[in-house]
Amino acid sequence: MDVDTRLLRYFAAIADEGNLTRAAHRLFVSQPSLTKQLKHLESQLGVRLFIRSSTGMTLTDAGHTLAARVPPVLADWDAAVRDTRSTARVLRVGTLAGAANDATKDIVAEFGKRRPGWRVDMRQTPWTDPTAGLANAEVPVALLRLPFPGEESFGVRSLFSEPRCVALSSTHPLAQRHEIPFPELWDDPVVVTPALKGTWRDHWLAKSERDGREPRIGAVTEQPDEFLAAIANGHGIALVPASTALLHERPGVAYIPVTGLSPSEVGVAWLPDAGEAVADFVQCCLDVTQPRRTS
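This is a predicted model, so every value here is computed, not measured. Counting from 1, residues in each chain are numbered in the order their sequence is written. A pLDDT threshold of at least 70 governs which residues receive local features in this predicted model, and a stricter bar of 80 or more applies before side-chain atom pairs are shown or counted, although totals over entire chains, interfaces and linings include all residues. Side-chain numbers here rest on the full set of heavy atoms in the structure, without hydrogens or water.

(A) Up close: helix 5 (residues 103-114). Only DSSP runs of H or I with at least four residues qualify as helices, and only runs of E with at least two residues qualify as strands; both kinds are numbered from the N terminus onward. In this analysis, the expected span of each helix is defined as 1.5 Å times one less than the number of residues it contains. Across its 12 residues, helix 5 extends 17 Å between first and last C-alpha, which sits within 8% of the 16 Å expected from 1.5 Å per residue. Burial status follows relative accessibility: with a 1.4 Å probe on protein chains alone, a residue under 20% of its type maximum counts as buried, one over 50% as exposed, and anything between as partly exposed. When helix 5 is considered as a whole, its buried residues turn out to be Ala103, Thr104, Ile107 and Phe111. The buried residues of helix 5 occupy one face: seen down the axis, they fall within an arc of 100°. Turned more than 90 degrees away from the buried face of helix 5 sit Lys105 and Lys113, all of them exposed. Taken from the helix axis, the directions to the C-beta atoms give the arc we talk about.

(B) View of the packing of helix 5 against helix 9 (residues 276-289). Every angle, taken between N-to-C directions, lies between 0 and 180 degrees, and every axis is a line fitted to C-alpha atoms, over only the stretch in contact when it is a helix. The geometry of helix 5 relative to helix 9 is characterised by a closest axis approach of 9 Å and an angle of 130° between their N-to-C directions. When the interaxial angle is binned, helix 5 and helix 9 end up oblique. As helix 5 runs across helix 9, the sense of the crossing is right-handed. For the pair formed by helix 5 and helix 9, the contact residues are Ala103, Asp106, Ile107, Glu110, Phe111 and Arg114 on the first element and Ala277, Asp280, Phe281, Gln283, Cys284, Cys285, Asp287, Val288 and Thr289 on the second. Residues are grouped as follows: Ala, Val, Leu, Ile, Met, Phe, Trp, Tyr, Cys and Pro are nonpolar; Asp, Glu, Lys and Arg are charged; all remaining types, including Gly, are polar. Counted by class, the contact of helix 5 with helix 9 contains eight nonpolar, two polar and five charged residues. Any angle between 65 and 115 degrees counts as roughly perpendicular, while under 35 counts as roughly parallel, over 145 as roughly antiparallel, and the rest as oblique. Crossing handedness is defined as follows: a turn of the near helix away from the far one that is anticlockwise and smaller than a right angle gives a left-handed crossing, while the clockwise case is right-handed. A contact between two residues is defined here by any heavy atoms of the two lying within 4.5 Å.

Structure representation (structure tokens):
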């Protein structure tokens, strides 16, 4: 019987968390989708793995048996994948849209000098996965925004920072300003993505810089086009990296610098024991971006 390793990862997360909602947050998938995948796994195996109750998810005897076997199976598989990719001399790098921007080309070029004959395969992930593929071990290293959920489970280095600005409708009363003090935006509703949870949510809503005022959610969107359309249509504003103005220029959306707001940090993160090629890539990231760092 063949079972998708992703189903095993989903099972392991539910077993660890004992709760579908927390497991879904950890995996960056919706709870209905996770429930569907669990039922699919149970159907494939022909056994019930969990007893569902109002207090959470409890492993059955069959579930306990599988839970004891899955971690080493996944660890062996991840090691096999790393070794295979290393032999193939291809390094897969996850990236969020707008993470390292123009630095990416220089990083890849530097890595090519350090490891002649290697190819870097950049894998862009949606905004709904702020780990850029690390959470599901789809990539061994990623260029992303800090902070991100589960950051403590990975190796992480900050590379450089850039200001955050506000994206708002061109019809917004403040759209013609050259800059906006952040307190003037506190009462505006905010457009968010489903991935906005925990420290990721707090950073992009700037909760620590709102003097205790809870932000209002104006719209929840999954795709960049939906995100920008909601802003253009006046459903809310969003705090974004300044580089977004260049990467996502759109009629009806204005990008205005914001004062009194901490910057956005770009970082490189990697899986533990990811190997020497990843270590070299991380060093290339540091070598290329050190002049960019702010004091």
